[in-house]
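Each chain, letter by letter, is given below.
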Amino acid sequence: MTHDLKPYATLAAGTRGRLLPEPASASRSEYQRDRDRIVHSGAFRKLRNKTQVFIESEGDFYRTRLTHSLEVAQIARSISRNLGIDEDLTEAIALAHDLGHTCFGHAGEYALQDMMQPYGGFDHNDQTFRILTKLEQRYAAFNGLNLTWETLEGIAKHNGPLLPGAAGKPLPVTIAAFQEKWDLELTGWPGLEAQVASMADDIAYNTHDVDDGIRAGFLRIDDMEEMPLFADELKIVRAKYPGVDAGRQVHEVVRQVIGAMATDLLETSRGLLAAAKPADAAAVRGAGRPLIACSPAMQEHFKTLRAYLMGHVYRHGKVNDMLTKAKALISGLFGLYMEQPEKGLPASWLEKVNAAKDNAGRARIIADYIAGMTDRYAITEYRRLIDKDMKI
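What comes next concerns the included structure. (Residues numbered from 1 in each chain as written. Predicted model: local features only at pLDDT ≥ 70, side-chain atom pairs only at ≥ 80, totals over all residues. Heavy atoms only, no water.)

**Some words on the overall build of the chain**
Broken down by element type, the chain carries 18 helices and 0 strands. Rg of the C-alpha trace for the chain: 22 Å, near the compact-globule value of 21 Å for 392 residues, within the 12% margin. Principal axes of the C-alpha set define a box for the chain whose edges measure 60 × 50 × 40 Å. In the chain, which comprises 392 residues, the share counted as buried stands at 53%. Contacts in the chain between residues far apart in sequence, at least 24 positions, make up 73% of those at least 6 positions apart. If you sum the accessible surface of the chain, you get close to 17800 Å²; carbon and sulfur atoms cover 52% of it. With 48 positive and 52 negative side-chain charges, the chain shows a spacing of 2 Å between the two charge centroids. (Helix = DSSP H or I, 4+ residues; strand = E, 2+ residues; numbered from the N terminus. Rg over C-alpha atoms; globule rule 2.2 N^0.38 Å. Buried < 20%, exposed > 50% of the residue type's maximum accessible area, 1.4 Å probe, protein only. Contact = heavy atoms within 4.5 Å. Areas by Shrake-Rupley, 256 points an atom, 1.4 Å probe, with all protein chains shown as cover. Lys, Arg positive; Asp, Glu negative; His and termini not counted. Charge placed at Lys NZ, Arg CZ, Asp CG, Glu CD.)

This is the structure in structure tokens:
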């Protein structure tokens, strides 16, 4: 409830509203409505068949983008409750943060980045924003989901400020265009809820990718002895539960590591908030630095763990083989749709492509179509249109 929240929470009662004004709900806060619109979106449902790390067809137990998003939301909501900030806004941002990911995980994104390089580029966070503000077509009165300013700001900046021209890169195309309609204050930090969602994402994938890596056979349970945090928890679990099977050991260790990471985040963030003393959400945005963070020691653990996973999981030979095939598949579909759109695009998408003013417009529409594909559908279309014997 609003009256239980800290003053620096992003209060639903103080929302800046929606780009297109709508009547208030009698039973839900504005952020609850945002969350519900995200959960009921077509893009959210598609996440169930989009790769996280291991291709969905490899097994039923590997995490997909959907299960990852649900796990991020659970961790983020728990942290938000402990900090006294708005759980519903945090949950909305966490559930939406990966909507723009392509099929086949980062392989699909890298392929679309290559294909779209001459046409304004491709970025999965910008694609998420594009889905939320334009591509979802469920409501009679508007395209997109017409979310509140706070949710859109959190999605755009959940990984930190967006600085025009930073590192020689322009602002992502969709976010830049929306910024001209409604100022999202891109150069500042977002509210605490978005900051929590971002950190919950780090906690989720740094732990669950270890779990999936062991399940895939890329890692052994004894490899945890080489990982920060996991090594200590493995010793404790083995001493406390001698003889328990390896699968339960893994789950218990992962559970304890998530708890350790979340506890560190809470303790560090409470200290940052106590020092900064933000009077309200505006003061959080004006602090000039994040107020949700892990300790320096935990940040170093994250860095070491990511490097370990990169060497032993993300660049494993089997994963690289899948990535190579997935990139070729996406590139092949993109090229076909650009050169012969009538050969493979559904009628509604073909109409959009034919109405585009130039190649950049055509490419963006095709990127939208491909980015929205599930792994399964992309494979089916490639086999139907290009190579019926392709294996992935």
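**What to know about helix H13 (residues 296-314)**
Its 19 residues give H13 an end-to-end C-alpha distance of 25 Å, which sits within 8% of 27 Å, the value for a rise of 1.5 Å per residue. Residues of H13 that are buried include every one of Met298, Phe302, Leu305, Tyr308, Leu309, Val313 and Tyr314, and no others. (Expected span 1.5 Å × (residues − 1).)

**Some thoughts on the nonpolar core**
The biggest cluster of nonpolar side chains holds 78 residues, and the ones touching the most others in it are Ile38, Leu99, Leu132, Val210, Met224 and Phe230. Element by element, the count of residues in this core is highest for helix H9 (residues 192-215), at 10 residues. One finds Leu112, Tyr337, Tyr369 and Leu385 within the second-largest nonpolar core, a separate group that totals 33 residues. (Core = buried A, V, L, I, M, F, W, Y, C linked by side-chain atoms within 4.5 Å.)

**A few points about the side chain of Thr374**
Relative to the elements of secondary structure, Thr374 occurs in the loop between helix H17 (359-371) and helix H18 (375-385). Those residues in contact with Thr374, other than ones at most four positions away along the chain, are Lys46, Asn49, Lys50 and Cys103.

**Remarks on the pattern of salt bridges**
If you walk through the whole model with that rule in mind, you get 27 salt bridges. Among the salt bridges present, the one from Arg37 reaches Glu22, with a minimum N-O distance of 2.7 Å. Here the residue Arg37 occupies a position in helix H1 (residues 30-39), and Glu22 occupies one in the segment before H1, the gap between them amounting to 15 residues. Owing to a relative accessible area of 8%, Arg37 belongs among the buried residues under this scheme. Its relative accessible area of 26% is what places Glu22 among the partly exposed residues. Linking Arg33 and Glu30 is a salt bridge whose minimum nitrogen-to-oxygen distance equals 3.5 Å. Of the two residues, Arg33 and Glu30 are both situated in helix H1; the distance of 3 residues between them amounts to about one turn of the helix. (Salt bridge = Lys/Arg side-chain N within 4 Å of Asp/Glu carboxyl O.)

**Considerations on the packing of aromatic side chains**
For the structure on display, the rule yields 5 aromatic pairs. Consider the rings of Tyr139 and Phe142, whose centres lie 5.1 Å apart with planes at 25 degrees: the pair is stacked. Residue class for Tyr139 comes out partly exposed when judged on its relative accessible area of 29%. You can call Phe142 buried: its relative accessible area is 11%. Clustering of aromatic rings is evident, with ring pairs tying together Phe129, Phe178 and Trp182. (Phe/Tyr/Trp six-rings, centres within 6.5 Å; stacked < 30°, edge-to-face > 60°.)

**A few points about the packing of helix H16 (residues 347-355) against H17**
If you want to describe how two helices pack, look at the angle between their axes and the distance between the axes. Interaxial distance between H16 and H17 falls to 8 Å at its minimum, and their mutual angle equals 160 degrees. As far as their axial angle goes, H17 and H16 are roughly antiparallel. The two elements H16 and H17 meet at a crossing, and its hand is right-handed. Facing Trp349, Lys352 and Val353 of H16, the residues of H17 in contact are Arg362, Ile365, Ile366, Asp368 and Tyr369. In terms of residue class, the contact of H16 with H17 is built from 5 nonpolar, no polar and 3 charged. (Axes fitted to C-alpha atoms, helices over the stretch in contact; angles between N-to-C directions. Parallel < 35°, antiparallel > 145°, perpendicular 65-115°, else oblique. Left-handed = near helix turned anticlockwise from the far one by under 90°. Nonpolar A, V, L, I, M, F, W, Y, C, P; charged D, E, K, R; others polar.)

**A few points about the environment of Glu351**
Within the secondary structure layout, Glu351 lies in helix H16. Glu351 gets classed as exposed once you look at its relative accessible area, which sits at 59%. Here the alpha-carbon distance between Glu351 and Asp98, two residues 253 residues apart in the chain, equals 28 Å.

**Brief notes about the packing of helix H11 (residues 246-276) against H13**
Where H11 meets H13, the axes come as close as 11 Å, and the angle between the chain directions of the two elements is 140 degrees. Considering their axes alone, H11 and H13 lie oblique with respect to each other. Here Ala260, Met261 and Asp264 of H11 lie close against H13, whose contacting residues are Met298, Phe302 and Leu305. The residue makeup of the contact of H11 with H13, split by class, is 5 nonpolar, no polar and 1 charged.

**Details of helix H4 (residues 87-96)**
The element H4 is largely enclosed, with a buried count of 10 among its 10 residues. Residues Glu87, Asp88, Leu89, Thr90, Glu91, Ala92, Ile93, Ala94, Leu95 and Ala96 constitute the buried set of H4. Those residues of H4 that are buried are in contact with H1, helix H2 (42-46), helix H3 (65-83), helix H6 (124-135), helix H7 (149-157) and H9. For H4, the side-chain oxygen to backbone nitrogen distance between the N-cap and Asp88 is 3.0 Å, and the N-cap itself is Asp86. (Polar contact = N/O pair within 3.5 Å; in protein donor to acceptor, adjacent residues only side chain to side chain.)

Spatial relationships are all this shows, so hold off on functional conclusions.
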